[in-house]
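# Secondary and tertiary structure notes
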Amino acid sequence: MFARRTRLEVIAAPLLLLLVSLAAWETMVRLSGVNRIILPAPSAVVRAIWTERAMLLRETAVTMAEAVLGFVLGSGIAYLAAVVFTYSTLLRNAFYPFAVALKSTPLIALAPVLVLWFGNGMASKVVMAALVAFFPVLVNAIVGLNAIDPEVFDLMKALSATSLQMLIKIRIPTSLPYVFAGLRVGSSLAVVGAVIGEFTGAIRGIGHVITTSSYYLNTDVMFAAVIMISFAGIVLFGAVAYLDQRLVFWAKR
Amino acid sequence: MVADGTSPVLQLRDVAMSYRTAAREVPALDGITFDVARGEFVSIVGPSGCGKSTLLKLVADLLTPTGGSVVVAGSSAREARLAGMFSFVFQNPVLLPWRTLLGNVRLPIEIVRRKGRTPAEVLALVGLSAFEKLYPRELSGGMQQRAAIARALTYDPDVLLMDEPFGAADELTRDTLNVELMRICEQIGVTVLFVTHSLAEAAYLSDRVVVLSTRPARVAGVVSIPFTRPRAENLRGSVEFQEVVTCLRDALGSK
């Protein structure tokens, strides 16, 4: 009985808060008569989503394609690099301090340079997304590939396991919980990277929609675009979290 | 599990081991000499921290001794390790959490590729056949340790090295596991080198017990256990058994 009530509460409480906030927002806009260019009412945003649905879906798809492609590329290369670093202490010692430093650097500051180099098409956004997803995955993968219980190491050595067997049978599975922690962060960052890339210079994508509608003072479309990309980002994060739970079923969470 | 009297499978001669710290060299083991015959069950007891586990790792070539030699069936410890002659059981079960019980027990033959007992056979041997599809976290501590023993027997190793395998178990589980281990060893006749700090456990399981002194550890004595096999479970309650344990305690205290 108690558990049921808690479960209901977990779903109902935030939903209720959302509805109350939206109602307050709507009422405030109607009563205060604030210019819809400054703050459109929720009903106006919903209307904008509906009337512009084809365009919004198309442009969200463009941004998500850039983000997902960059995310897969960035995290894939990061994992391969982590495997290389596991076997070469020289390379690892040379690169690791920079990897840790760059992990917490706002790489999105590089967006203008990337647009300059890769043009205002999809390529510069894919590179941006890849770059921001790269470092969290790299650092977590290096930690994970080396987080081996010393007894497991002895067990494998007593069996005379080769380093390839060690990698495939022990290191990679051991690294997965760590890697997924990096992937969760990376997936959100990749969407941010793609949108920032579009802000800087693009002719397509949700970032482009936001900049142009801001230029034409279509604030309701701007809000609509933000909501669309938020949902898409949540879906991507959810997909990564789902994969995490299915693949790393043994990890304590 | 009767020693067959032919050439010993393990020969330790003047084995020494020291660790180098920043300040000086710390000797851990010194002049360790003893043999283990094929099919024999030999325990190593000694004060805690005396280097019992180190000795086991030297035999398995997980560490290299700083002096003396370890000969395994006529070859070096390294050759023996590369030939897959050893298997190890640790104090913790060390099961891989992403593999089922069957998958864990299969691990050694994926690596050693030697003909021997199948995973299904060894799971039957330790009485875990019904649980082969379960994951380690779904099993009790005692079952996990039985699985670790099964894994160590999968590819039919020549020497089974056990480093306080029941040290983390409660007393009841430990007694059950002792009986089980003895039954298994008698059934398959494997050679065992067994590290423990329980004198009763050593007396119950072993053919001979090697007693080590404090650091640097030397062989303080080798005690032959007079009981015939198979040994009954209630042997541990007998007066004769207590006498053997006392004898071991005296050997420990003499140094």
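Please refer to the structure higher up on the page.
First, a word on what this report is: a plain description of the structure on this page. (Residues numbered from 1 in each chain as written. Chains lettered and ligands numbered in written order. Predicted model: local features only at pLDDT ≥ 70, side-chain atom pairs only at ≥ 80, totals over all residues. Heavy atoms only, no water.)

## Things to note about a nonpolar patch on the surface
Residue and element names in this part refer to chain A. Side chains of Leu110, Val113, Leu116, Trp117 and Phe118 sit close together on the surface and give an oily, nonpolar patch of about 540 Å² of accessible area. Among the secondary structure elements, Phe118 is positioned in helix H5 (residues 111-118). By relative accessible area, Phe118 is classed as partly exposed at 40%. (Patch = residues over 30% accessible without salt bridge, like charges linked within 9 Å, V, L, I, M, F, W, Y side chains within 5 Å. Areas by Shrake-Rupley, 256 points an atom, 1.4 Å probe, with all protein chains shown as cover. Salt bridge = Lys/Arg side-chain N within 4 Å of Asp/Glu carboxyl O. Helix = DSSP H or I, 4+ residues; strand = E, 2+ residues; numbered from the N terminus. Buried < 20%, exposed > 50% of the residue type's maximum accessible area, 1.4 Å probe, protein only.)

## As for the sheet that holds strand E8 (residues 191-195) of chain B
Residues and elements named next belong to chain B. Within the open sheet, the six strands sit side by side as E6-E7-E8-E3-E9-E10. Their pairing is mixed. Both edges of this open sheet fall to strand E6 (86-89) and strand E10 (219-224), since each of them pairs with a single strand only. This sheet shows a mean twist of 15° between the axes of neighbouring strands, independent of strand direction. Summarising the sheet, strand E7 (residues 159-163) and E8 pair through five bridges and their orientation is parallel. Counterpart to Val159 in the pairing with E8 is Thr191. (Pairing = 2+ DSSP bridges. Axes fitted to C-alpha atoms, helices over the stretch in contact; angles between N-to-C directions.)

## What to know about the packing of aromatic side chains
Overall, the coordinates contain twelve aromatic pairs over all chains when judged by the stated rule. Summarising the aromatic geometry, the rings of Tyr215(A) and Tyr216(A) are spaced 5.2 Å apart at their centres and angled 85° between planes, so their arrangement reads as edge-to-face. Note on accessibility: Tyr215(A) and Tyr216(A) belong to one class, exposed. Measuring from ring centre to ring centre gives 4.9 Å for Phe249(A) and Tyr135(B), while their planes differ by 65°; the resulting arrangement is edge-to-face. Remark: Tyr135(B) occurs in the loop between helix H4 (119-125) and helix H5 (141-153) and Phe249(A) occurs in the segment after helix H10 (219-247); the pair is interchain, linking two chains. Relative accessible area serves as the criterion here: at 28%, Phe249(A) is assigned to the partly exposed category. Overall, the relative accessible area of 23% leaves Tyr135(B) in the partly exposed class. Here a set of aromatic residues connected by ring pairs shows up, and it is made of Phe249(A), Trp250(A), Trp98(B) and Tyr135(B). Directly above the ring of Trp50(A) sits Arg53(A), whose terminal nitrogen or CZ lies 3.9 Å from the centroid. (Phe/Tyr/Trp six-rings, centres within 6.5 Å; stacked < 30°, edge-to-face > 60°. Lys NZ or Arg CZ within 6 Å of the ring centre and 35° of its normal.)

## A look at the interface of chain B and chain A
Many descriptions give the size of an interface as the accessible area lost when the pieces come together. Of the residues lining the interface, 24 residues belong to chain B; the matching set on chain A comes to 18 residues. Taking both sides of the interface into account, the surface hidden between chain B and chain A amounts to around 2,000 Å²; carbon and sulfur atoms contribute 66%. Counting across the interface, chain B meets chain A through two salt bridges. Where chain B meets chain A, there are seven residue pairs in polar contact (both at pLDDT 80 or more). The set of elements that each furnish at least two residues to the side of chain B that touches chain A consists of helix H2 (77-82), E6 and helix H3 (101-112) of chain B. Broken down by element, the residue count for the side of chain B that touches chain A peaks at five residues, all from H3(B). Of the residues belonging to the side of chain B that touches chain A, the class tally is 15 nonpolar, two polar and seven charged. (Contact = heavy atoms within 4.5 Å. Buried area = accessible area lost by both parts, 1.4 Å probe. Polar contact = N/O pair within 3.5 Å; in protein donor to acceptor, adjacent residues only side chain to side chain. Nonpolar A, V, L, I, M, F, W, Y, C, P; charged D, E, K, R; others polar.)

## Focus: the nonpolar core
One finds Leu138(A), Leu10(B), Leu12(B), Phe34(B), Leu161(B) and Leu193(B) to be the most contacted residues of the largest nonpolar core, which totals 79 residues. A total of twelve residues in this core trace back to one element, the largest contributor, which is helix H6 (residues 122-145) of chain A. Non-local contacts of Leu193(B), meaning those with residues more than four positions away in its chain, are made with Leu10(B), Phe34(B), Val36(B), Val42(B), Ile44(B), Leu56(B), Val59(B), Leu160(B), Leu161(B) and Met162(B). Within the second largest apolar cluster, 47 residues are counted, among which are Val45(B), Leu125(B), Cys185(B) and Ala251(B). (Core = buried A, V, L, I, M, F, W, Y, C linked by side-chain atoms within 4.5 Å.)

## Describing empty space enclosed by the protein
For the structure on display, the rule yields one cavity of 30 Å³ or more. For the largest cavity, the calculated volume is near 50 Å³. Partitioning the lining of the largest cavity into residue classes produces seven nonpolar, one polar and one charged. (1 Å grid on protein atoms, 1.4 Å probe; cavity = no way out; pocket = protein on both sides within 12 Å on 5 of 7 lines; lining within 4 Å. Points joined across faces, edges and corners; volume = space filled by probe spheres on them.)

## Focus on the packing of H5(A) against helix H8 (residues 163-200) of chain A
Each pair of packed helices gets described by two things: the angle between the helix axes and the distance between those axes. Residue and element names in this part refer to chain A. The interhelical angle for the contact between H5 and H8, taken along N-to-C directions, is 70°, at an axis separation of 9 Å. Judged by the inter-axis angle, H5 sits roughly perpendicular to H8. In terms of crossing hand, the pair formed by H5 and H8 is right-handed. Contact residues: H5 offers Ala111, Pro112 and Val115, while H8 offers Ile196, Gly197 and Thr200. Residues belonging to the contact of H5 with H8 are distributed by class as follows: four nonpolar, two polar and no charged. (Parallel < 35°, antiparallel > 145°, perpendicular 65-115°, else oblique. Left-handed = near helix turned anticlockwise from the far one by under 90°.)

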